[in-house]
Structure formats: C-alpha cells, structure tokens
Amino acid sequence: GYQPQTVNETGITVFEFSDKGILQRTGAEIEDWLRSDPDRPTLHFSPIRHWMNDPVGLCKIDEIWHLFYQFHPSGSDWGPMHWGHATSRDLVNWLHMPVFLHPEQNLWRLGATGGAFSGNAFRDRDGSLMFFYTERLPAYDLFKGYREIQKIARPDRRMIKAEGIVTVLEQRPDGVEHDFRDPKVWWDDAANAYRMILGASIEGDPAVLLFGSGDGLDWQYLRPLYRAPVTFRQEGARAVECPDFFPLEDKWVLVMGFVGHVEPRTRRRNLLYALVGELINDAFVPDTSELQLLDFGTDYYAMQSFEADGRQIAFAWLFNWEYRKPEGSSYSGELSLPRALSLSEDKKKLLMLPVIEVAERYAADPVVEDKSGKFSLPKAPIEIRLSGPLEGSKLVATQGGELAFEVNVAEGVLSIRLAQDDGSIQYVAELGGGKDLRLFHDHGIVEIFADGGTVCGTRRGYANIEPDHLEISSSASAQVIERNLR
Ligand code: FRU
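Just so we're clear, the structure is a prediction, and the values are computed from it rather than from any experiment. (Residues numbered from 1 in each chain as written. Predicted model: local features only at pLDDT ≥ 70, side-chain atom pairs only at ≥ 80, totals over all residues. Heavy atoms only, no water.)

Visitor: How do you make sense of the overall build of the chain when you look at a structure like this?
Guide: When you go through the chain residue by residue, the secondary structure sums to 4 helices and 37 strands. Radius of gyration (C-alpha) of the chain: 22 Å, near the 23 Å computed for a compact globule of 486 residues. With respect to the three principal axes, the spread of C-alpha positions in the chain is 65 × 55 × 45 Å. Counting all 486 residues of the chain, 61% fall into the buried class. Restricting the contact set of the chain to residue pairs at least 6 apart, pairs at least 24 apart contribute 57%. Put simply, the chain shows about 19,800 Å² of open surface, and 47% of that area lies on carbon and sulfur atoms. Taking the average location of the 51 positive side-chain charges in the chain and that of its 72 negative ones, the two points are 2 Å from each other. (Helix = DSSP H or I, 4+ residues; strand = E, 2+ residues; numbered from the N terminus. Rg over C-alpha atoms; globule rule 2.2 N^0.38 Å. Buried < 20%, exposed > 50% of the residue type's maximum accessible area, 1.4 Å probe, protein only. Contact = heavy atoms within 4.5 Å. Areas by Shrake-Rupley, 256 points an atom, 1.4 Å probe, with all protein chains shown as cover. Lys, Arg positive; Asp, Glu negative; His and termini not counted. Charge placed at Lys NZ, Arg CZ, Asp CG, Glu CD.)

Right under this line is the structure:
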C-alpha cells in the first residue's frame, strides 16, 4: 500500500503562514492531512496540505529529482504564491520539503495577491544552478492591475532555501500588457548567448516573446518567438502562459497554454498546444501552422518539461477552474504522472507516455488478463491496457451501480465521460490507427494514453472515485493491472 513519506521522517517540520504568525506542524497532524482526504491519489503527487498549481523549477541534481510547485501555504485556494518543494530518488516516491522560495512582499498583509510565480531551473555552463521566475507585484499604482518582473534565485548549498535573489528584467516591450511571465532560459550555441522566452501578448494577441543576453543578467528584447493567430483572441485568449521550448531529437518544440481561451466546438478550456519546428537565427519556424492539442482532457495544464539523463520529462498541474475540489478539503491540486516526451516517426507530433519508472516502481498485480467482460475492481489504483484495434471499444467503470467513468471509441473518435459531466463540454480526440490504449485510474484521476502516446487525455473527477466494477467490451485484448507502490 501507499506509504506517504512525510517531512518529519527527515526531521524537517512543516511551517505554515497565517494571520496568527508562523505555525509549526509536526507528526500526527501531518499524517492526518496525508491520510484523511478521500480524494488523495496514491500514484500522483499532491501537496501535504493547502493549494498547489504549476510544477516549476524541475531538475535533477546528483541523483535527486527536485520538484517545486506553485504553493499557497495558508489556504486551500489560490493566494500569495510560494515555491513548495519535494524530492525523489525515482520520480515516483516524493519526500516533502520546506517551502523553498517566498514572495518578495508580505502580500497577504497588504491584501494583495501575487508572489513568486512560475519559472524554470537553468544550469549554466559552469554547472551553477539558478531558477528564473516571475514575481508578480502590485502595480506602482495599486489600483492598476499588477506588475510582473523576472528574477533569478539560487539554491543554498543544501537545496533547501532560495537565496541571492536578483531582478533581471522589468521593462516590457511596447504593446505588451500586464501578463509577462513564466521564463524559460537556455544557453544557445548557435547564438553564442543566453536566450529566454516569456508568455505574454502583443497588441492583444497571445504571444511568446524572445529575449537575449550575453551574461544572463542583462536582457534585451529580440522578437516574438510566436504570435497566435487572431482566432485565439476571438475565442477569448488574452495571453500565453507557461511557454515551454526545448530541443527534441533534431527539432525544437514549443508548448503553451492560452489564458481565457475556450475551444468553440467542444467548449473545452485550459488546453495546451504544441508546435514542432526548427529554430533558425532566433526564429522559430514551425513545420505546420496547425497547433497540436496536447491533452484532450482539460485537466492537464501548465506543463513544464526538463532534460535529464538524455530524456525530456514533463509534469503538469492536474486541475481546471470549472470543477473544483470539494469545499473543506485539506489540499487542492495534483500533478500528472511524469511523462517522457518524444516525436512521432514522421517528426510531426509530440508524443507523451508515462516514464518507465511508473511501471517499474508500482507493483503490477493482474486483475484481469486478455479478455472483455464485467469485473470486480480492487480498492486501488488500476491500469487498463487494450492492445489491438480500438474501434468499437467501451470501458464503463461504476461505483454502487452509478457511473464513475466511461471511455468510448466510435468512428475513430475517443471520448471520456465522468460522473460529474453534464454534456456541455465534449472531451474528445481523433485517433490515428487506434491500436493501443493505456488508462490509469487513481482516486478519480483518469489519465489516458492512446496510439503510442499520440493521443493523451487527463481528467479529474470528484464523484464515484472508488469504482467497484468495470465492464470492458472490445475486440482488442484487455488487461487490468492493480498498481500499488512497491
Ligand atoms: C499558470 C499560472 C502562471 C503563473 C502561475 C501563478 O497556471 O497562471 O502563468 O506563473 O500560474 O500561480
């Protein structure tokens, strides 16, 4: 079963920030937060307590994986942003660490929100590690929105606390509104200089902006790396958030989200899109102008990827603003399974599949092998695998006879429905060949990978999250595997 490791096992204490000052929490209380919430997943990362959103600053240092995340340490709703921190030896078991980075100002006292927003880890050529991130501050004029500036923080020797914070970029280029955030930095061999991208807008169109620097401290605006077609703005998008840009095989890949965007046909929000192309003289030249929808489920947002051990690995925030965690929960927000990124054979699409550690570190106890039918389910996370033609397949999971989740493949379209859905939003994706499918279910979280990772769908349900029966009808061979932590 699940053995949550608490910070206390390492002698570290949880500090919480509240009106009453700083509270120190220990043993039994922490254990209680970890075990008492019926929604808490076991295969997926969640904070010990309170609100989390984007994964940030992902990196691997000396065999240890470091996961930071947007964290509000005094409430289970979004608020003044800190960087939470967890470490792992295998990407699967996480140890909760103290808050790593604090906002510049005591924002909750000012009654303002903002704080230490999202950003990335960057390892310089001399091996030194820094975190580029955005600080959102109240505007110079308190009544005029906010200001977003870019900063660097360095880890202390023990990777426990951020220090040496400096501001490196404050000035927005002309035509760029308040949204100006989420830096990703790399050393660019071709340019022989540092490069940084930010999510923003240009004259109202969502855009990714490219900056350059000779020393990593002094930054100049170079050009838009990407400007969204006008349809995005017409569909409600205000700016790009959390742009991710990285070399993969012999291509460059851009991944981004659009604040406010609603896809008209399906009414989905919170979508992430990818483009595959080349980076030539600081210009990103996509191979096609058609954006690839990265995950059709709408609970996969703010993806951040990083390179380690020759792999490009991504985490994303498992959440959407429409379906919230029930009131009174001890925490809010989870992360997707870690995914490994690759390109399709024709190099046109970004593929995502769970990293190999997910299969290695979770015991695989077969519940059902190679058949369709109706089955009892264990009270545990499961993986369902279909191998063979998916067309006409149907998976229905129920709890006490009521729907938990349903997955269908009909006329080349994969769809998913959860107990909470009222039909106003369509969660659908077109399949290519449709020959394989992996589905993980973990306390209401459903993650689907089809066609070798070409089609991914992530959903978070809060009703009937402990299905006791599963009905499989498919001409593909079906396996159900109980996945518990070893
Ligand atoms: C995306 C986002 C980022 C921002 C952070 C603030 O979910 O809005 O753009 O940096 O969350 O918490």
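Visitor: What's the story with the site of the ligand in this structure? I'm lost.
Guide: In the vicinity of the ligand there are 13 residues, among which Asp-54, Gln-70, Arg-181, Asp-182 and Glu-241 approach most closely. Here Asp-54 contributes a side-chain N or O atom positioned 2.8 Å from an oxygen atom of the ligand. Glu-241 places a side-chain nitrogen or oxygen 2.6 Å from an oxygen atom of the ligand. Coverage of the ligand by the protein amounts to 92% of the 320 Å² it exposes when considered alone. Elements supplying a minimum of two residues to the shell around the ligand: strand E3 (50-61), strand E7 (115-123), strand E11 (181-188) and strand E15 (239-248). Residue composition of the shell around the ligand, by class: 6 nonpolar, 3 polar and 4 charged. (Near = heavy atom within 4 Å. Polar contact = N/O pair within 3.5 Å; in protein donor to acceptor, adjacent residues only side chain to side chain. Nonpolar A, V, L, I, M, F, W, Y, C, P; charged D, E, K, R; others polar.)

Visitor: Looking at this structure, I do not really get the domain arrangement of the chain. What am I missing?
Guide: Interfaces are frequently sized by the accessible area removed from exposure as the parts join. One can read the domain layout of the chain as domain 1 (7-354) and domain 2 (364-485). Taken over C-alpha atoms, the centre of domain 1 sits 29 Å from the centre of domain 2. Contact residues are listed per partner, giving 36 residues for domain 1 and 33 residues for domain 2. Summing both sides of the interface, domain 1 and domain 2 together bury roughly 3,000 Å²; the carbon and sulfur share of this comes to 60%. If you sort the residues of domain 1 by the area they bury against domain 2, Leu-43, Phe-296 and Tyr-323 come out on top, with a joint share of 25%. Run the count over domain 1 and domain 2 and you get 3 salt bridges. (Domains from an automatic or database assignment. Buried area = accessible area lost by both parts, 1.4 Å probe. Salt bridge = Lys/Arg side-chain N within 4 Å of Asp/Glu carboxyl O.)

Visitor: I would appreciate a short explanation of the environment of His-72 in the present structure.
Guide: Relative to the helices and strands, His-72 is located in strand E4 (residues 64-72). For His-72, a relative accessible area of 9% corresponds to the buried category. The sequence separation of His-72 and Glu-327 amounts to 255 residues, and the corresponding C-alpha distance is 16 Å. With near-sequence residues (within four places) excluded, His-72 lies in contact with His-50, Trp-51, Asp-77, Trp-78, Gly-79, Pro-80 and Met-81. Here the side chain of His-72 touches Gly-79 through a polar contact of 3.4 Å, landing on its backbone nitrogen.

Visitor: Got a minute to help me understand the nonpolar core in this structure?
Guide: What tends to happen in soluble globular proteins is that the nonpolar side chains get buried as a cluster. Core analysis: the largest hydrophobic core is formed by 49 residues, its most contacted members being Val-255, Met-303 and Leu-350. Each of domain 1 (7-354) and domain 2 (364-485) gives at least three residues to this core. Contact partners of Val-255, with chain neighbours within four places excluded, come to Cys-242, Pro-243, Asp-244, Phe-246, Leu-272, Tyr-273, Ala-274, Leu-294, Met-303 and Leu-350. By size, the runner-up hydrophobic cluster in this structure holds 33 residues, among which are Leu-437, Ile-448, Leu-470 and Ala-478. (Core = buried A, V, L, I, M, F, W, Y, C linked by side-chain atoms within 4.5 Å.)

Visitor: I'm lost on the sheet that holds E7 in this one. Help?
Guide: Either a parallel or an antiparallel arrangement is found when strands of a sheet pair, and the pairing is made through backbone hydrogen bonds. In space, the 4 strands of this open sheet follow the order E7-E8-E9-E10, with antiparallel pairing throughout. The sheet is open, and its two borders are formed by E7 and strand E10 (162-169), each paired with just one other strand. Ignoring strand direction, the axes of neighbouring strands in this sheet form an average angle of 30 degrees. Here 5 bridges tie strand E9 (residues 146-155) to E10, and the two strands are oriented antiparallel to one another. Bridging across to E10, Gln-150 finds its partner in Leu-169. (Pairing = 2+ DSSP bridges. Axes fitted to C-alpha atoms, helices over the stretch in contact; angles between N-to-C directions.)

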